[in-house]
Amino acid sequence: MNKTRVYMEEINDTEGREFIIRDEARITIGRFTIVEKNRANKSVMIRLRFYREGDRNLLRVSLGTMTRGFLRDGSYFKINVIVSDDISTVPFTELGYTLEGILVNNSYQDSRIRNEYLFGTDNTRFNQFKEFKLLALEGERVSLKLASPENAEDYLIYYTENREFLRALEPHRDPDFYTLKGQRKSLDESYKHYMNGLAINFGVYFSGKLIGKVQLSNLVYGGFRSATLGYALHKDYEGKGLMNDALKTAIAYAFEELMLHRVEASTLLDNYKSQNVLKRLGFKLVGTNEKYLYINGKWQDHYTFSLISES
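This section reports on the structure supplied with the text. (Residues numbered from 1 in each chain as written. Predicted model: local features only at pLDDT ≥ 70, side-chain atom pairs only at ≥ 80, totals over all residues. Heavy atoms only, no water.)

**Here's the deal with the overall build of the chain**
As a reminder of what qualifies: Secondary structure elements follow DSSP: runs of H or I no shorter than four residues count as helices, runs of E no shorter than two count as strands, and numbering proceeds from the N terminus. Only protein chains enter the accessibility calculation, which uses a 1.4 Å probe; a residue whose area is less than 20% of its type maximum is buried, one above 50% is exposed, and one in between is partly exposed. By the convention used here, residues are in contact when the closest approach between their heavy atoms is within 4.5 Å. Only the protein chains shown count as cover for residues, and the accessible areas themselves come from Shrake-Rupley with a 1.4 Å probe. Counting rule for charge: Lys and Arg are taken as positive, Asp and Glu as negative, and neither His nor the chain ends is counted. For charged residues, the charge sits on one atom: NZ in Lys, CZ in Arg, CG in Asp, CD in Glu.
Looking only at helices and strands, the chain has eight helices and 15 strands in total. Principal-axis analysis of the C-alpha atoms gives the chain an extent of 70 × 45 × 40 Å. Evaluated residue by residue, the chain yields a buried proportion of 44% over its 311 residues. Contacts in the chain between residues far apart in sequence, at least 24 positions, make up 58% of those at least 6 positions apart. About 16900 Å² of surface is accessible on the chain, with carbon and sulfur atoms providing 47% of the total. Averaging the positions of the 44 positive and the 41 negative side-chain charges in the chain gives two centres separated by 1 Å.

**Structural notes on the nonpolar core**
Counted only if it meets this: Side-chain atoms within 4.5 Å link the members of a nonpolar core, which is a set of buried Ala, Val, Leu, Ile, Met, Phe, Trp, Tyr and Cys residues.
Residues Phe 70, Val 81, Phe 92, Val 214, Leu 229 and Phe 283 are the most contacted members of the largest nonpolar core, which totals 65 residues. At nine residues, the largest contribution of residues to this core is made by helix 7 (residues 242-256). Apart from residues no more than four positions distant in its own chain, Leu 229 is found in contact with Val 214, Gln 215, Leu 216, Leu 247, Ile 251, Val 263, Glu 264, Ala 265 and Phe 283. Tyr 178, Leu 187, Tyr 205 and Leu 210 belong to the second largest nonpolar core, which has 12 residues in total.

**Things to note about the pattern of salt bridges**
In plain terms, the rule: Definition used for salt bridges: Asp or Glu carboxyl oxygen within 4 Å of a side-chain nitrogen of Lys or Arg.
Counted according to the given criterion, the structure contains 16 salt bridges. Two residues, Glu 189 and Lys 192, come together in a salt bridge whose shortest N-O distance is 4.0 Å. Separated by three residues within a single helix, Glu 189 and Lys 192 lie in helix 6 (residues 180-195), roughly one turn from each other. Each member of the salt-bridge network shares a partner with another, and the members are Glu 9, Arg 22 and Arg 26.

**Thoughts on helix 1 (residues 56-71)**
Here is the rule: What a helix is expected to span follows from its residue count: subtract one and scale by 1.5 Å.
Its 16 residues place the ends of helix 1 22 Å apart at the C-alpha level, agreeing with the 22 Å of an ideal helix rising 1.5 Å per residue. Taken residue by residue, helix 1 has Arg 56, Leu 58, Leu 59, Val 61, Ser 62, Leu 63, Gly 64, Met 66, Thr 67, Phe 70 and Leu 71 as its buried positions.

**A look at the pairing of strand 9 (residues 143-146)**
As a reminder, the rule being used: Pairing between strands is defined by DSSP: at least two bridges between the two strands are required.
Two elements, strand 8 (residues 136-138) and strand 9, share three bridges in a ladder whose sense is antiparallel. Bridge pairing in strand 9 places Glu 138 opposite Ser 143. Where strand 8 folds back on strand 9, the antiparallel hairpin that results is connected by four residues. Sheet topology note: the strand 9/strand 10 (residues 200-206) ladder contains four bridges and is antiparallel. When the bridges of strand 10 are listed, Leu 144 appears paired with Val 204.

**Some words on the side chain of Arg 56**
What counts here: We call two N or O atoms a polar contact when they sit within 3.5 Å, provided that within protein one can donate a hydrogen and the other can accept it, with sequence-adjacent residues counted only if both atoms are side-chain atoms.
Position of Arg 56 among the secondary structure elements: in helix 1. Reaching out from Arg 56, the side chain makes a polar contact with the side chain of Ser 88 at a distance of 2.9 Å. Discounting residues that sit within four places of it in the chain, Arg 56 has contacts with Ser 88, Pro 91, Pro 149, Glu 150, Arg 184 and Asp 188.

**Focus: the sheet that holds strand 10**
Our working rule: Comment: axis = line fitted to C-alpha atoms, over the contacting stretch for helices; angle = value between 0 and 180 degrees taken between N-to-C directions.
If you walk across this open sheet you meet the eight strands as 8-9-10-11-12-13-15-14, and the pairing is mixed. Lying at the two open borders of the sheet, with one neighbouring strand each, are strand 8 and strand 14 (284-295). Averaged over all adjacent pairs, the angle separating strand axes in this sheet is 25°, with direction ignored. Each of strand 10, strand 11 (209-220) and strand 12 (226-233) touches helix 4 (residues 152-161); the most contacted strand, strand 11, lies at about 100° to it. Docked against the sheet, helix 7 engages strand 8, strand 9, strand 10, strand 11, strand 12, strand 13 (262-268) and strand 15 (298-308), running at close to 30° with respect to strand 11.

**Describing the packing of aromatic side chains**
Here is the rule we go by: Two aromatic rings, drawn from Phe, Tyr or Trp (for Trp, its six-membered ring), form a pair once their centres lie within 6.5 Å of each other, and the interplanar angle then sorts them: stacked below 30 degrees, edge-to-face above 60, tilted otherwise.
Summed over all chains, the structure comprises 13 aromatic pairs. An angle of 70° between the planes, with centres 6.1 Å apart, marks the rings of Phe 32 and Phe 70 as edge-to-face. Taken together, the residues span a long stretch of sequence, with Phe 32 in strand 3 (residues 28-38) and Phe 70 in helix 1 at a distance of 38 residues. Exposure class is identical for Phe 32 and Phe 70. Each is buried. Taking 6.2 Å as the distance between ring centres and 75° as the angle between the ring planes, the aromatic pair formed by Phe 206 and Tyr 237 counts as edge-to-face. Here Tyr 237 lies in the loop between strand 12 and helix 7 and Phe 206 lies in strand 10, a separation of 31 residues in the sequence. Its relative accessible area of 23% is what places Phe 206 among the partly exposed residues.

**Some remarks on the layout of surface pockets**
Where we set the bar: Here a cavity denotes a set of grid points, spaced 1 Å apart and computed over the protein atoms alone, in which a 1.4 Å probe fits but from which it cannot get out, and a pocket denotes an open set meeting protein on both sides within 12 Å along at least five of seven lines; residues with an atom within 4 Å of a point are reported as lining. Grid points are joined across faces, edges and corners, and a volume is the space filled by probe spheres set on the points. Any residue outside Ala, Val, Leu, Ile, Met, Phe, Trp, Tyr, Cys, Pro, Asp, Glu, Lys and Arg is labelled polar, Gly included; the first ten of those are nonpolar and the last four are charged.
Looking at the second largest pocket, its volume works out to about 730 Å³. Together, 23 residues line the second largest pocket, and Lys 181, Gly 182, Arg 184, Lys 185 and Ser 186 are the ones closest to its centre. Within the residue set of the lining of the second largest pocket, elements represented by two or more residues are strand 7 (112-122) and helix 6. The leading source of residues in the lining of the second largest pocket is helix 6, at eight residues. Tallied by class, the residues present in the lining of the second largest pocket amount to four nonpolar, six polar and 13 charged.

Below is the structure:
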């Protein structure tokens, strides 16, 4: 059980609208302002500033304490929280919050205009959200788990072990990418894309080890209902049929759960292993995309394949 505690203290002369958040050592770790109260609708809107960006557990405890404080006595049923777009979104999801909107160019911080996220929950959802599980899929031999900042150590090991191997296959990475902080930042961005319905990034696990990635990006619904499929495998696990299993699992999810009609994938012209994987799964060659991606220091042509749902 998590025993971390935080304290909320009202700031003097703010008429009960501004509060400081302190940790157990009484050090200030954040603050929040009540932007709007609607007694008729039993709703409240809050702007939260959190100073310990790297401590997701402390953010979760702070957010939970704040939320319970407003919902506990029944005065409010619905709570909305406005936060900077660089904050970790995982603690919000864990507590039953949903992303309700993006406020574009809504604040001025650190000498630049920034977007903000609008999260919301209500008393019923918050109190009934007992257990949070990230999206996970089970294949015959591998497991696919939604990529999140909590898995940063797994991804750092994966990228460190495959740094040279992936150099010729993926876009250039800055040195910071190969640090724990860099991985958390990258995974936070991919998680936000998931929250916004733009992409789904899975880690491929085999016997408890992260051995690859599968991504469904450029998600489009309506009359198009398509996505772009991307994937990569650890150099030590090639030729074992594991990526074939991972892609079959992801494609089944795309067609059966997301109800997509078409999935597209592209490979470098000389990546015969990847092309063979796609062909075994039923993908058909569509054509050549000239100078499609900037890989290994230059724009490179790719073959593009597609797979159409049979239903």
